[in-house]
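Observations on chain architecture
Residue strings, one per chain:
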Amino acid sequence: MVDENGCAIGLPTLPNNPIDIDERTPCEVLKENSETPYIQTKLDSLKSRVALSTPNRDHHETGITIAKRGAALKHKVFTQPKETGIAGAVAVEIALQTWDILAAHNHYEGFFPVPQFGDILTFYVGYKISAPARKNAYINYVVNFNGIEYAFRMSDTTALDALFAGLNQGTEADPTTEQEKKANDLLYEIYEKKGFDKYKDYTEVEALKILMKVLNDPKIGSGNGVHLYRKDKTTKRWAKLKLNLDGTVGQDDCPL
């Protein structure tokens, strides 16, 4: 017997219920999400809205969240834009919740073709506020107009905790507009130091090199804080991306 939240009556609540402990690997989580129609159809819809083959395609971001209570999945859609406070950059405003297992949004044609500075902040906040039973499942997806899916996974928040200290990011207190801008500024500065130019149109290969350098910066965790995964459009196989010693981007394929 379960209550309205999907919790078993007479058993501990979800965060403390051993039955609900998620011990899957990142590759297993990503693969299972791809094989879950409720999830994958939502990601496909985000891609379709900005796909080059879509007539009258969107030129703005759309976001979603999917929450899990017990075995039930529930999604929400977001289209309200918000200013990041940096160089006129506008992103979709996504309302993150404790029981989310993922947040996702799309990048349209002409936009930075991989996750950008604000996406790291959204991922960090979503992970920090997620319930203990949801942290191992939590993913932030960015899907592009060219059909590529990227996914952030958290390994260690220590560096980002220090970077955002005092800015109320992912804490019980709501951040002020100034604190939100400062958090975005801190990440934007790292992107700039890694070669990002807001006036340049980047290919995906160029943008990915910058992003991987950002993730390997000590302020982000030296490659051990936030991990980036990419899904192959043909094989549908996920891979963990890595920055090679020669500055190129390599990958470790997930098991089939």
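Provided above is the structure to which this section pertains.
Position numbers for residues start from 1 in each chain and track the written sequence from start to end. Per-residue local features are limited, in this predicted model, to residues with pLDDT of at least 70; the limit for side-chain atom pairs, both in listing and counting, is 80 or more; totals at the level of whole chains, interfaces and linings are taken over all residues. Side-chain measures were taken over the full set of non-hydrogen atoms in the model, leaving aside hydrogen atoms and water.

**Quick notes on the pairing of strand 5 (residues 100–107)**
Heads up, the condition is: Three labels apply to residues, based on accessible area from a 1.4 Å probe with only protein chains included: buried if under 20% of the type maximum, exposed if over 50%, partly exposed otherwise in between. Put simply, DSSP marks the helices as runs of H or I at least four residues long and the strands as runs of E at least two long, and each gets a number from the N terminus on. Note on pairing: two strands pair once DSSP finds at least 2 bridges between them. The path from the first strand over the helix to the second decides the hand: if it runs clockwise while the strands point away from the viewer, the crossover is right-handed.
Burial analysis of strand 5 places 8 of its 8 residues in the buried class, which makes it a mostly covered element. Two strands pair when backbone bridges link them, and strand 1 (residues 63–69) and strand 5 are joined in this way by 5 bridges, in the antiparallel orientation. Each bridged residue has a counterpart across the sheet, and for Ile66 the counterpart in strand 5 is Leu102. With 6 bridges joining them, strand 5 and strand 6 (residues 139–144) adopt parallel strand pairing. For His107, the partnering residue across the bridge sits in strand 6 and is Asn144. In this fold, the crossover linking strand 5 to strand 6 by way of helix 3 (residues 117–129) has right-handed handedness.

**Quick look at the state of the cysteines**
Applied cut-off: Only a pair of cysteine sulfur atoms within 2.5 Å counts as a disulfide in this structure description.
For the structure on display, the rule yields 1 disulfide. Each sulfur of the disulfide joining Cys27 and Cys254 lies 2.0 Å from the other. Its torsion about the S-S bond being -70°, the disulfide of Cys27 and Cys254 is classed as left-handed. With a gap of 227 residues between them, Cys27 in helix 1 (residues 26–34) and Cys254 in the segment after strand 10 (249–253) connect regions that are remote in the sequence. Each of the two residues, Cys27 as well as Cys254, counts as buried.

**Side note on the pattern of salt bridges**
Definition in use: Think of a salt bridge as a Lys or Arg side-chain nitrogen and an Asp or Glu carboxyl oxygen that are within 4 Å of each other.
Summed over all chains, the structure comprises 12 salt bridges. We note a salt bridge from Arg49 to Asp58, for which the minimum N-O separation is 2.9 Å. Of the residues examined, Arg49 reaches a relative accessible area of 31% and is grouped as partly exposed. Lys194 is the salt-bridge partner of Asp217, the closest N and O atoms lying 3.1 Å from each other. Pair noted here: Asp217 is in the loop between helix 6 (204–215) and strand 8 (226–231) and Lys194 is in the loop between helix 5 (177–193) and helix 6, with a separation of 23 residues, a long-range link. Judged by relative accessible area, which is 12%, Asp217 ranks as buried. Overall, the relative accessible area of 26% leaves Lys194 in the partly exposed class.

**A look at the packing of aromatic side chains**
Let me state the cut-off plainly: Pairs were defined over the aromatic rings of Phe, Tyr and Trp, the Trp ring being its six-membered one, requiring ring centres within 6.5 Å. Orientation was assigned from the angle between planes: stacked under 30 degrees, edge-to-face over 60, tilted for the rest. Charge-over-ring contacts are defined here by two conditions on Lys NZ or Arg CZ: a distance within 6 Å of the ring centre and an angle within 35 degrees of the ring normal.
This structure, assessed with the given rule, holds 13 aromatic pairs. Aromatic side chains Phe117 and Tyr188 sit 5.2 Å apart centroid to centroid with 75° between the ring planes, which places their arrangement in the edge-to-face category. Within this pair, whereas Phe117 is found in helix 3, its partner Tyr188 is found in helix 5, the two being separated by 71 residues in sequence. In this pair, the class of Phe117 matches that of Tyr188, namely buried. Ring geometry for Phe123 and Tyr138: centres 6.1 Å apart, planes at 5°, overall stacked. Of this pair, Phe123 sits in helix 3 while Tyr138 sits in the loop between helix 3 and strand 6, placing them 15 residues apart in sequence. Classification of Tyr138 as buried rests on a relative accessible area of 1%. The lysine or arginine in question, Lys42, covers the ring of Tyr38, its NZ or CZ lying 3.7 Å from the ring centre. The residue whose ring lies beneath Lys135 is Tyr127, and the NZ or CZ to ring-centre distance is 4.7 Å.

**Quick word on helix 1**
The criterion, for reference: Here the arc refers to the directions that run from the helix axis out to each C-beta atom.
For helix 1, the complete set of buried residues consists of Cys27, Val29, Leu30, Asn33 and Ser34. Buried residues of helix 1, seen end-on, are gathered within an arc of 165° and therefore sit on one face of the element.

**Notes on the environment of Pro218**
Checked against the element boundaries, Pro218 lands in the loop between helix 6 and strand 8. A relative accessible area of 58% means that Pro218 is categorised as exposed. Along the chain, Pro218 and Leu160 lie 58 residues apart, while their C-alpha atoms are 9.4 Å from each other.

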